[in-house]
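# Chain and residue survey
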Amino acid sequence: YIEEAGQYIQCTIPTRCTPTGTDVVTADNGVCVCNCKDRWVGDKCDSRPVRFEQTSCDKYAVGYINYPTCDHCNVIDHCSGHATSVTSDPANKLCTDWAYTYSWTGSSCDSCAAIYTQAECVQCAEGHFAYDVCTMCTVKDHCSSHASTVVPISRITTCDCTSNHTWTGDSCDICPPGIDPATDCAQCLVGYIGFPNHVKCGIATDCINNADSVTSSPDFPSCQCDCRNMWSGATCSQCNSQVDGADCDVCASAHTGYNICDLYTIADHCENHASAVTPAPDPNPTSCTCTCRNHWELPDCLTCPPQFGGSDCDTCGIHRINYPTCTLCTVNDDCSNHASTVTSNSQQTECVCTCNQKWSGADCSTCPTEYSGLDCNDCGTAHINYPFCTDYTDALHCNGH
């Protein structure tokens, strides 16, 4: 009880405390003192610090954590000064729901990704562009893999490629006409020369109109002409001395065999067996005509007929006589058909027979008197003992009696 206005009044919760009090006692100074529930405060337990929930004061208020101390979530302590606002999570365990400034991240707003500048996390890091995406410039992605280096033009716009060789375009994706992209744009295409200027080869400009076609090769610094007819030289400007004609298209005099146009000679075209050689009667001859010496045969004086012989086809052949007719010796014609073989003498003026049996004479036409028979193969009258055919007499065979 307390004394109040000359009366004693009992200290009770209904009279002295709000329902948030747990009990009430009399203090030494003669006043009622309420003991409050949870975190209620005040003489009547009717006041709650802002860090506690206002209705029941038995849990955190929004934006506070760590009951019962109820720390206030604030940008400086809980966001490293890198947020515009912060509050507590639904369980009032952690400060969260930061409103980050710039590109800071992390539970304390103290992490800045490597793609941003680290001091303020407010712009792209070196080598990146387009804040706040901050894409990294790479040769592969922004220069089509055709550059030696790449840097941002600024940290806001795009990348700047230092192209390899002759690639062009913002992303080094264009190889100029006449340059071969298969060589990393480092060589002329076939048909072009003068890298990096890539001048196109032309029949008129490079081959003075004396070629069927023109091309080029990385191995040669100039155009290569496929010369027409027998034009020659790097620019098809030369017609060799063995060729003639307005378009270098016929053999010159004393030459034969276009596209070769050899100089025709007795040695090369007539086997050295001719007395003269002339071109065939053709505007563009492919052969020549030999005037063969002695009895060598056309067309190239290579063959000596069998009836002739000698190193220059100027004698009769074997078994022949009487050059230049060179009649063949035969057993029938020259040996009366009475010989086993026949040939010519060393002067090739007569036939020489090897007579059969006992035939004799140059032509084997004579059968001596001691022989007889159709083939001179028997003894004649009064002769005995073929082939000796001895003449028999009284004295020799009958003792003279």
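Above this text sits the structure in question.
Residues numbered from 1 in each chain as written. Predicted model: local features only at pLDDT ≥ 70, side-chain atom pairs only at ≥ 80, totals over all residues. Heavy atoms only, no water.

## Notes on the overall build of the protein
Helix and strand counts for the protein stand at seven helices and 34 strands. For the protein, buried positions account for 32% of its 401 residues. Considering only contacts in the protein between residues 6 or more positions apart, those separated by 24 or more positions represent 21%. Looking at the protein as shown, the accessible area adds up to about 23600 Å², and 52% of this sits on carbon and sulfur atoms. (Helix = DSSP H or I, 4+ residues; strand = E, 2+ residues; numbered from the N terminus. Buried < 20%, exposed > 50% of the residue type's maximum accessible area, 1.4 Å probe, protein only. Contact = heavy atoms within 4.5 Å. Areas by Shrake-Rupley, 256 points an atom, 1.4 Å probe, with all protein chains shown as cover.)

## Observations concerning the state of the cysteines
Each disulfide is one covalent bond, formed between the sulfur atoms of two cysteines. Enumeration according to the criterion identifies 21 disulfides in this entry. Here Cys124 connects covalently by a disulfide to Cys134, the sulfurs 2.2 Å from one another. On the S-S bond that ties Cys124 to Cys134, the torsion sits near -90°, and the link is left-handed. Separated by 10 residues along the polypeptide, Cys124 in the loop between β8 (95-100) and β9 (128-129) and Cys134 in the loop between β9 and β10 (135-136) bring together distant segments of the chain. (Disulfide = S-S within 2.5 Å.)

## Here's the deal with a nonpolar patch on the surface
Among the surface-exposed residues, Val25, Val31 and Val33 lie close enough to one another that they form a single nonpolar patch of about 190 Å² accessible area. Mapped onto the fold, Val25 is located in strand β3 (residues 21-26). Taking the relative accessible area as the measure of exposure, Val25 reaches 40% and is therefore partly exposed. (Patch = residues over 30% accessible without salt bridge, like charges linked within 9 Å, V, L, I, M, F, W, Y side chains within 5 Å. Salt bridge = Lys/Arg side-chain N within 4 Å of Asp/Glu carboxyl O.)

## Details of the pairing of strand β30 (residues 351-355)
Bridge count for strand β29 (residues 339-344) against β30 is five bridges, and the pairing is antiparallel. Residue pairing in the sheet places Thr343 in a bridge with Val352 of β30. (Pairing = 2+ DSSP bridges.)

## Focus on the packing of aromatic side chains
Any two aromatic rings considered together are summarised by their centre-to-centre distance and by the angle between their planes. Under the defined criterion, the tally for this structure stands at two aromatic pairs. Between Phe308 and Tyr323 the ring centres are 6.2 Å apart and the planes differ by 80°, which places this aromatic pair in the edge-to-face class. Residue Phe308 is found in strand β25 (residues 308-309), and its partner Tyr323 is found in the loop between β27 (320-321) and β28 (327-328); the two are separated by 15 residues along the sequence. Overall, the relative accessible area of 37% leaves Tyr323 in the partly exposed class. Judged by centre distance (5.9 Å) and plane angle (85°), the ring pair of Tyr371 and Tyr386 falls under edge-to-face. Placement of Tyr371 in strand β31 (residues 371-372) and of Tyr386 in the loop between β33 (383-384) and β34 (390-391) is noted, with a sequence separation of 15 residues between them. (Phe/Tyr/Trp six-rings, centres within 6.5 Å; stacked < 30°, edge-to-face > 60°.)

## Quick look at the side chain of Gln348
With respect to the secondary-structure elements, Gln348 resides in the loop between β29 and β30. Among the polar contacts made by the side chain of Gln348, one reaches the main-chain carbonyl oxygen of Cys316 at a distance of 2.7 Å. A distance of 3.2 Å separates a polar side-chain atom of Gln348 from the backbone oxygen of Gly317. Leave out the neighbours within four places in its chain, and Gln348 touches Thr315, Cys316, Gly317, Arg320, Ile321 and Asn322. (Polar contact = N/O pair within 3.5 Å; in protein donor to acceptor, adjacent residues only side chain to side chain.)

## Here's the deal with the pattern of salt bridges
Following the criterion strictly, the structure yields two salt bridges and no others. Asp247 is the salt-bridge partner of Arg228, the closest N and O atoms lying 3.0 Å from each other. Note that Arg228 is positioned in the loop between β16 (224-227) and β17 (231-232) and Asp247 in the loop between β19 (243-244) and β20 (250-251), a separation of 19 residues in sequence. With a shortest N-O distance of 3.0 Å, Arg293 and Asp312 are connected by a salt bridge. Of the two residues, Arg293 is situated in the loop between β24 (288-292) and β25 and Asp312 in the loop between β25 and β26 (315-316); the sequence distance between them amounts to 19 residues.

## Let's talk about the nonpolar core
Ranked by internal contacts, the top residues of the largest apolar core, which has 15 residues, are Cys207, Val214, Cys225 and Cys236. Not counting residues up to four positions away in its chain, the partners in contact with Val214 are Cys201, Gly202, Ile203, Cys207, Cys223, Gln224 and Cys225. (Core = buried A, V, L, I, M, F, W, Y, C linked by side-chain atoms within 4.5 Å.)

## Side note on the side chain of Thr166
Structurally, the position occupied by Thr166 is in the loop between β12 (159-163) and β13 (192-193). With relative accessibility at 16%, the residue Thr166 sits in the buried group. There is a polar contact of 2.8 Å between the side chain of Thr166 and the backbone oxygen of Cys185. Residue contacts for Thr166: discarding those within four places in its chain leaves Ile174, Pro176, Ile179, Cys185, Phe195 and Pro196.

## Details of the environment of Ser171
Within the fold, Ser171 resides in the loop between β12 and β13. The exposure class of Ser171 is partly exposed, given its relative accessible area of 24%. Residues Ser171 and Cys161 lie 10 residues apart in sequence; the distance between their C-alpha atoms is 6.8 Å.

## A look at unusual backbone geometry
Pro196 follows Phe195 through a cis peptide bond whose omega is 5°. Pro324 follows Tyr323 through a cis peptide bond whose omega is 10°. By the element assignment, Pro324 lies in the loop between β27 and β28. The phi dihedral of Asn337 is positive, around 65°, even though this residue is not glycine. Looking at where Asn337 falls in the secondary structure, it is placed in the loop between α6 (331-334) and β29. Phi is positive for Gln357, which is not a glycine, with a value near 45°. Assignment of secondary structure puts Gln357 in the loop between β30 and β31.

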